[in-house]
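The chain contents come next:
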Amino acid sequence: MNAIVAVDNNWAIGCKNSLLVRIPADHKNFRQETTGKVVVLGRKTLETFPQGMPLPNRTNIILSTNPDYRVKDAVVVHSKEELMQELANYPSEDIYIIGGESVYRMMLPECDVVHVTKIDHVYEADAYFPNLDRDKTWEIAADSEEQTYFDLPYRFLKYERRK
């Protein structure tokens, strides 16, 4: 199973239910990684999408504790147990955890790969991804050349769980 995330230097991922920054190449990378695959996200993350609609050309699985919550063109689950049962229907390598913070924290132990867009900046934030650089169970398996968006340096990293 995979996770995919954009983080700043402090592993921040968001502020006030919004992304820290929008980098077109990061969005392109996200689309390339997840199109045709399964994405797992929380209700609050879904509500940040355009019109609050599921992502096109993907199987969207939404986690919500509200038993009455329904989303057109998405599967809604209400617990980790129910989520794991649903995910058993798909190849593990085709599953991407896409946020937010509580979903990442809950599902990171199930992941073997994390695709990280590391932005060389510190933002005001209230949501964070676990710092994989401080976690000995993870190692960097791939690192892109540094890129810039205006004056903002970033790189694409691939972390893999140590065997």
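Residues numbered from 1 in each chain as written. Predicted model: local features only at pLDDT ≥ 70, side-chain atom pairs only at ≥ 80, totals over all residues. Heavy atoms only, no water.

### What about the overall build of the protein chain?
Phase 1 of the analysis: Regarding its fold elements, the protein chain presents four helices and eleven strands.
Phase 2 of the analysis: For the protein chain, whose C-alpha radius of gyration is 15 Å, the value lies close to the compact-globule estimate of 15 Å for 163 residues.
Phase 3 of the analysis: Counting every position in the protein chain, which comprises 163 residues, the buried fraction comes to 44%.
Phase 4 of the analysis: Considering only contacts within the protein chain whose residues lie at least 6 apart along the sequence, 62% involve residues at least 24 apart.
Phase 5 of the analysis: Split by element, the accessible area of the protein chain, about 9,000 Å² in all, is 48% carbon and sulfur.
Phase 6 of the analysis: Across the protein chain, 20 positive and 25 negative side-chain charges occur, with their mean positions spaced 1 Å apart. (Helix = DSSP H or I, 4+ residues; strand = E, 2+ residues; numbered from the N terminus. Rg over C-alpha atoms; globule rule 2.2 N^0.38 Å. Buried < 20%, exposed > 50% of the residue type's maximum accessible area, 1.4 Å probe, protein only. Contact = heavy atoms within 4.5 Å. Areas by Shrake-Rupley, 256 points an atom, 1.4 Å probe, with all protein chains shown as cover. Lys, Arg positive; Asp, Glu negative; His and termini not counted. Charge placed at Lys NZ, Arg CZ, Asp CG, Glu CD.)

### Brief notes about the packing of aromatic side chains
Phase 1 of the analysis: Counted under the stated rule, the structure contains five aromatic pairs.
Phase 2 of the analysis: Considering the side-chain rings of W11 and F129, the 6.2 Å spacing of their centres and the 25° angle between planes classify their relative orientation as stacked. Of the two residues, W11 is situated in the loop between strand 1 (2-7) and strand 2 (12-14) and F129 in the loop between strand 8 (127-128) and strand 9 (138-143); the sequence distance between them amounts to 118 residues.
Phase 3 of the analysis: Residue W11 is classed as buried on the basis of its relative accessible area, which comes to 1%.
Phase 4 of the analysis: Since its relative accessible area comes to 2%, F129 is described here as buried.
Phase 5 of the analysis: Summarising the aromatic geometry, the rings of Y104 and F129 are spaced 4.8 Å apart at their centres and angled 75° between planes, so their arrangement reads as edge-to-face. Taken together, the positions of Y104 in helix 4 (residues 101-107) and F129 in the loop between strand 8 and strand 9 put the pair 25 residues apart, joining distant regions of the chain. As far as burial versus exposure is concerned, Y104 and F129 are alike and both buried.
Phase 6 of the analysis: Taken together, the ring pairs connect W11, Y104, F129 and Y159 into an aromatic cluster. (Phe/Tyr/Trp six-rings, centres within 6.5 Å; stacked < 30°, edge-to-face > 60°.)

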